[in-house]
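Chain residues, written in single-letter form:
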Amino acid sequence: MTVFFIGAGPGDPELMTVKGLRLIKRCPVILYAGSLVPVEILGEAAEGADVIDTASMSLDAIIARMKQAHADGQDVARVHSGDPSIYGAVGEQMRRLDALGIACEVVPGVTSTSASSAALKRELTLSGVTQTVIMTRFAGKTPMPERENLDALARHGATLAIHLGITRIHRIVETLIPHYGAEAPVAVCYRVGWPDEQHLVGTLSNIVEQVRAAKITRTALILVGEVLDPQDFRDSYLYDADQAHIYRPKFSTQTPRRVKR
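Every value quoted in this text rests on a predicted model; they were computed, and no experiment measured them. (Residues numbered from 1 in each chain as written. Predicted model: local features only at pLDDT ≥ 70, side-chain atom pairs only at ≥ 80, totals over all residues. Heavy atoms only, no water.)

1. A short note on the overall build of the chain
What counts, and what does not: Under the DSSP-based scheme used, a helix requires at least four consecutive residues in state H or I and a strand at least two consecutive residues in state E, with every element numbered from the N terminus. Accessible area is worked out with a 1.4 Å probe on protein chains only. A residue is then buried under 20% of its type maximum, exposed over 50%, and partly exposed in between. Contacts: residue pairs with any heavy atoms within 4.5 Å of one another. With residues, only the protein chains shown are counted as cover, and all accessible areas are computed by Shrake-Rupley using a 1.4 Å probe. We score Asp and Glu as negative and Lys and Arg as positive, and we do not count His or the chain ends. Just so you know, the charge point we use is NZ for Lys, CZ for Arg, CG for Asp and CD for Glu.
Of the regular secondary structure elements, the chain holds seven helices and ten strands. Principal axes of the C-alpha set define a box for the chain whose edges measure 60 × 55 × 35 Å. For the chain, the residues scored as buried account for 40% of the 261 residues in total. Contacts in the chain between residues at least 24 apart in sequence constitute 67% of all its contacts with a sequence separation of at least 6. Element-wise, carbon and sulfur atoms account for 51% of the exposed surface of the chain, whose accessible area totals about 14,900 Å². Averaging the locations of the 28 positively and 29 negatively charged side chains of the chain gives two centres separated by 3 Å.

Quick look at the structure:
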């Protein structure tokens, strides 16, 4: 018996890995975080599977159901939003399972950062602009280590993907303006992959007003950085004819390689 922690992606059932979907189809027990994972994700669950929304359950109750499945020899699909490695709250579950001797595996998923950049049609790392993306959160109930406070991270000038901070966006803006400038591009991506998805695009000087007008108070990612509205950037060396690499010698004929099927 194995507990599979499955990243369901941002909400769109089609933004899920083939492996994750295969496991959902065959696992007789499915525990999903209903506050963030749409039930449509489970549309291909096996008939008769025990499908449980864990939004109202405590950690002890969730582990108890996994223990029961272990006793019954039933695999469990534990379905989380996005990718389990980013604010997934899976560490404490795996720690409990390790103590109980219950096997587990993790199946990665599409992050909200990836889904948001795709929805905006923006690359988050552009040559000559930035080559770094910092995924972080704003301090709330869970405190941030002092070395990771937003002011310290903003000093890098990298692209920022700020989770769990939309209700404090006014404080985020106040912290970032000294480092990025009032006209720095910002995007707020709300429930990407869901039918009511929204994107607010603006600058640090006007994004708070937009967010308040849209009445967005949860489930939103804040992206900040010049890559969202670049004035100019260099072409990558990847496809530069004058830049040789192992797959394209400098003096090659540039004939594309076709794969026989």
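Next, the rest of the story.
2. Overview of the pattern of salt bridges
Cut-off, in case you're wondering: Any Lys or Arg side-chain nitrogen located within 4 Å of an Asp or Glu carboxyl oxygen qualifies as a salt bridge.
Evaluation of the coordinates by the stated rule reveals six salt bridges. Residues arginine 191 and aspartate 196 are paired through a salt bridge, measuring 2.8 Å at the closest nitrogen-oxygen approach. Judged by relative accessible area, aspartate 196 falls into the partly exposed class, the value being 32%.

3. With respect to the sheet that holds strand β2 (residues 29–32)
Short version of the rule: At least two bridges found by DSSP between two strands is the condition for calling them paired. Axis angles are defined between N-to-C directions and span 0 to 180 degrees, where every axis is a line fitted to C-alpha atoms and, for a helix, only to the segment in contact.
Strand order in this open sheet of five strands is β3-β2-β4-β1-β5, and the pairing throughout is parallel. Each having just a single partner strand, β3 (50–53) and β5 (103–107) make up the two edges of the open sheet. Geometrically, the sheet is characterised by an average inter-axis angle of 20 degrees between neighbouring strands, direction not taken into account. The sheet strands contacting helix α1 (residues 18–26) are β1 (2–7), β2, β4 (76–80) and β5, and the helix crosses β1 at an angle near 135 degrees. Sheet strands touched by helix α3 (residues 91–100): β1, β4 and β5. Its angle to β1, the strand with the most contacts, is close to 170 degrees.

4. Some details on the packing of helix α6 (residues 169–180) against helix α7 (residues 207–214)
Describing two packed helices takes the angle between their axes plus the distance from one axis to the other. As a reminder of what qualifies: Working rule for angles: under 35 degrees goes down as roughly parallel, over 145 as roughly antiparallel, 65 to 115 as roughly perpendicular, anything else as oblique.
Two elements in contact, α6 and α7, have axes whose closest approach is 9 Å; the angle formed by their N-to-C orientations is 170 degrees. Relative to α7, the element α6 is oriented roughly antiparallel. The residues of α7 that touch α6, namely those facing Ile169, His170 and Val173, are Ile207, Val208, Val211 and Arg212.

5. Describing the side chain of threonine 203
Put simply, the rule is: Pairs of N or O atoms within 3.5 Å make up the polar contacts considered here, provided that, within protein, one atom can donate a hydrogen while the other can accept it, and that residues adjacent in sequence are counted only when both atoms are side-chain atoms.
Within the secondary structure, threonine 203 sits in strand β9 (residues 198–203). At 2.7 Å, the side chain of threonine 203 and the side chain of serine 205 are in polar contact. Apart from the residues lying within four places of it in its own chain, the contact partners of threonine 203 are Ala182, Glu183, Ala184, Pro185 and Val186.

6. Remarks on the packing of aromatic side chains
Applied cut-off: Between the rings of Phe, Tyr and Trp (Trp by its six-membered ring), a pair exists once the centres lie within 6.5 Å; its type follows the angle of the planes, with under 30 degrees stacked, over 60 edge-to-face, and the other angles tilted. A ring is considered to have a charge above it if a Lys NZ or an Arg CZ atom is located within 6 Å of its centre and within 35 degrees of its normal.
In this structure the tally under the stated criterion is zero aromatic pairs. A cation over an aromatic ring shows up here: arginine 191 above the ring of tryptophan 194, its NZ or CZ 4.0 Å from the ring centre.

7. Thoughts on the state of the cysteines
So the rule is basically this: Pairs of cysteine sulfur atoms within 2.5 Å are identified as disulfides in what follows.
Applying the stated criterion to the full structure yields zero disulfides. Sulfur of cysteine 27: no disulfide; nearest cysteine sulfur belongs to cysteine 104 and is 13 Å away.

8. Quick notes on α1
In an α-helix, one full turn covers 3.6 residues, which means residues spaced three or four apart are oriented alike. Just so we agree on the cut-off: The arc in question is the one traced by the directions running from the helix axis out to the C-beta atoms.
Turning to α1, its buried residues are Gly20, Leu23 and Ile24. Seen from one end, α1 has its buried residues packed into an arc of 100 degrees, which puts them on one side. Buried residues belonging to α1 abut β1, β2, β4 and β5.

9. Some details on the packing of helix α2 (residues 59–72) against α3
So the rule is basically this: The sense of a crossing depends on the near helix, which, turned anticlockwise from the far helix by less than a right angle, makes the crossing left-handed and, turned clockwise, makes it right-handed. In this classification, the charged set is Asp, Glu, Lys and Arg, the nonpolar set is Ala, Val, Leu, Ile, Met, Phe, Trp, Tyr, Cys and Pro, and all remaining amino acids, among them Gly, are polar.
Running from N to C, α2 and α3 cross one another at 45 degrees; their axes reach a closest spacing of 11 Å. Accordingly, the angle class assigned to the pair α2 and α3 is oblique. When the axes of α2 and α3 are compared, the crossing they make is right-handed. Across the interface between the two elements, Leu59, Asp60, Ile62, Ile63, Met66 and Lys67 of α2 pack against Glu92, Gln93, Arg96, Leu97 and Leu100 of α3. Looking at side-chain class alone, the contact of α2 with α3 contains six nonpolar, one polar and four charged residues.

10. Notes on the UniProt feature "domain: Tetrapyrrole methylase" (unreviewed entry) in the chain
Here is the rule we go by: UniProt positions are given in the numbering used here, feature names are shortened, and annotations may be inferred rather than shown by experiment.
Per the UniProt record, "domain: Tetrapyrrole methylase" (unreviewed entry) is annotated on residues 2–207. The span residues 2–207 shows a helical share of 29% and a strand share of 22%, and its end C-alpha atoms are spaced 45 Å apart.

11. Points about the sheet that holds strand β10 (residues 220–224)
What the five strands build is an open sheet, ordered β6-β7-β10-β8-β9; its pairing is mixed. With partners counted over all chains shown, the strands left at the sheet margins are β6 (133–137) and β9, one partner each. In this sheet, neighbouring strand axes are inclined to one another by 20 degrees on average, regardless of whether the strands run parallel or antiparallel. In this sheet, strand β7 (residues 159–163) lies alongside β6 in parallel orientation, the contact comprising five bridges. If you follow methionine 135 over to β7, its bridge partner there is alanine 161. Across the sheet, helix α4 (residues 112–120) is in contact with β6, β7, β8 (185–190), β9 and β10; its angle to β10 comes to roughly 65 degrees. In the packing of α7 onto the sheet, the strands contacted are β8 and β9, and the crossing angle to β9 comes to about 155 degrees.

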